[in-house]
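# Observations on the three-dimensional arrangement
Each chain, letter by letter, is given below.
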Amino acid sequence: MSNIIRVLVVDDSAYIRKVIKQMLGRSPFIEVVGTARDGEEALEMLERMKDEVDVITLDLLMPKIDGVEFLR
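Throughout what follows, the structure given in this document is the object of discussion. For clarity, every value in this text was computed on a predicted model and none was experimentally measured.

### Some details on the overall build of the protein
Of the regular secondary structure elements, the protein holds three helices and three strands. Reading the protein from its N end, one meets helices and strands in the order β-α-β-α-β-α. Taken against the 2.2 N^0.38 rule, which gives 11 Å for 72 residues, the C-alpha radius of gyration of the protein at 12 Å falls within 12% of a compact globule. For the protein, the spread of C-alpha atoms along the principal axes amounts to about 35 × 25 × 15 Å. In the protein, buried positions account for 28% of the 72 residues. In the protein, the proportion of contacts linking residues at least 24 apart, taken out of those at least 6 apart, comes to 67%.

### Here we look at the environment of I4
Mapped onto the secondary structure, I4 falls in the segment before strand 1 (5-10). Taking relative accessible area as the criterion, I4 reaches 30% and is therefore assigned partly exposed. The sequence separation of I4 and V32 amounts to 28 residues, and the corresponding C-alpha distance is 10.0 Å. What I4 contacts, discounting residues up to four positions off in sequence, is P28, F29, I30, E31 and D54.

### Digging into the side chain of R17
Turning to its location among the elements, R17 is positioned in helix 1 (residues 14-25). The residues contacting R17, other than those within four sequence positions of it, are V9, D11, D12, T35, A36 and R37.

### Here we look at the sheet that holds strand 2 (residues 30-36)
Taken together, the three strands give an open sheet; going across it, the order is 2-1-3, and neighbouring strands pair in parallel fashion. Where the open sheet ends on each side, the last strands, each with one partner, are strand 2 and strand 3 (55-58). Across the sheet, the mean angle separating the axes of adjacent strands is 25° when strand polarity is ignored. Looking at chain direction, strand 1 and strand 2 are connected through six bridges and run parallel. Paired with I5 across the two strands is I30, which belongs to strand 2. Its contacts with the sheet place helix 1 against strand 1, strand 2 and strand 3, and it is angled at close to 170° to strand 2. Its contacts with the sheet put helix 2 (residues 39-49) on strand 1, strand 2 and strand 3, and the angle it makes with strand 2 is roughly 125°.

Reading the values: rules and limits
Residues numbered from 1 in each chain as written. Predicted model: local features only at pLDDT ≥ 70, side-chain atom pairs only at ≥ 80, totals over all residues. Heavy atoms only, no water. Helix = DSSP H or I, 4+ residues; strand = E, 2+ residues; numbered from the N terminus. Rg over C-alpha atoms; globule rule 2.2 N^0.38 Å. Buried < 20%, exposed > 50% of the residue type's maximum accessible area, 1.4 Å probe, protein only. Contact = heavy atoms within 4.5 Å. Pairing = 2+ DSSP bridges. Axes fitted to C-alpha atoms, helices over the stretch in contact; angles between N-to-C directions.

Any functional reading would require information that these geometric values do not contain.
Given below as structure tokens:
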């Protein structure tokens, strides 16, 4: 078991994805393993990476599948 927390960042804003990735990247205990533009892309990524993601940061207001629908 690894001590590194693997994070998927989901936000429709490229700037916010970049900022969150930079902030989380400052910790030696966190690794951002991917980013997604919306819930639809995040679901597709999770299917491929289901054993590689521990935590998801999630924007609630996004096109296609929003954060609330993603959680369902």
